[in-house]
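Observations on the model geometry
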Amino acid sequence: IKDLNRSRYGGFNDWRLPTVEEAASLLEKKKNASDLHISGFFTTTIKRIWTGDMQRAQTYWVVRFQKGIVYGASDRSNHHVRPVRSMQ
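What counts and how
- Residues numbered from 1 in each chain as written.
- Predicted model: local features only at pLDDT ≥ 70, side-chain atom pairs only at ≥ 80, totals over all residues.
- Heavy atoms only, no water.
- Helix = DSSP H or I, 4+ residues; strand = E, 2+ residues; numbered from the N terminus.
- Polar contact = N/O pair within 3.5 Å; in protein donor to acceptor, adjacent residues only side chain to side chain.
- Pairing = 2+ DSSP bridges.
- Axes fitted to C-alpha atoms, helices over the stretch in contact; angles between N-to-C directions.
- Salt bridge = Lys/Arg side-chain N within 4 Å of Asp/Glu carboxyl O.
- Buried < 20%, exposed > 50% of the residue type's maximum accessible area, 1.4 Å probe, protein only.
- pLDDT = per-residue confidence, 0-100.

1. A closer look at the side chain of Thr51
Tracing the backbone through its elements, the reader meets Thr51 in strand E3 (residues 48–56). Polar contacts involving the side chain of Thr51 include one to the main-chain carbonyl oxygen of Trp61, which spans 3.0 Å.

Here you go:
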């Protein structure tokens, strides 16, 4: 995210991590009675992303798209980043 802001990616330098509410809003129910999924415009290789919000000390909220859950994790190695910016 620092690199995105430094390079003014897309002409903007206000990129940030999503809040847990913003990240969880990417979960959508399928029309069939299946599990939750990530919206189709995202790649299927991203299975989970971490947020800028902390659950507790050194534990960040993570959204796991395969299972449609939000949980706390301290190890970010298996998580991706989905930068966002405010629409103001």
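Here the narrative resumes.
2. Quick notes on the sheet that holds strand E4 (residues 59–64)
The strand order across the open sheet built from 3 strands is E3-E4-E5, with neighbouring strands paired in antiparallel fashion. Of all the strands in the sheet, just E3 and strand E5 (69–73) have a single pairing partner and so form its edges. Ignoring which end each strand starts from, the neighbouring axes of this sheet average 30 degrees apart.

3. A short note on the pattern of salt bridges
Overall, the coordinates contain 3 salt bridges when judged by the stated rule. For Asp14, the salt bridge identified is with Arg85, shortest N-O distance 2.8 Å. Here the residue Asp14 occupies a position in the loop between helix H1 (2–7) and helix H2 (20–24), and Arg85 occupies one in the segment after E5, the gap between them amounting to 71 residues. Here Asp14 falls in the partly exposed class, since its relative accessible area comes to 32%. Across the pair Arg16 and Glu22 runs a salt bridge, and its minimum N-O distance is 2.9 Å. Relative accessible area serves as the criterion here: at 27%, Arg16 is assigned to the partly exposed category. Residue class for Glu22 comes out partly exposed when judged on its relative accessible area of 31%.

4. Observations concerning the confidence of the model for the chain
Confidence in the prediction of the chain, expressed as mean pLDDT, is 78, and 78% of residues score 70 or more. Mean pLDDT across the elements of the chain bottoms out in strand E2 (residues 36–38) (44) and peaks in H1 (92).

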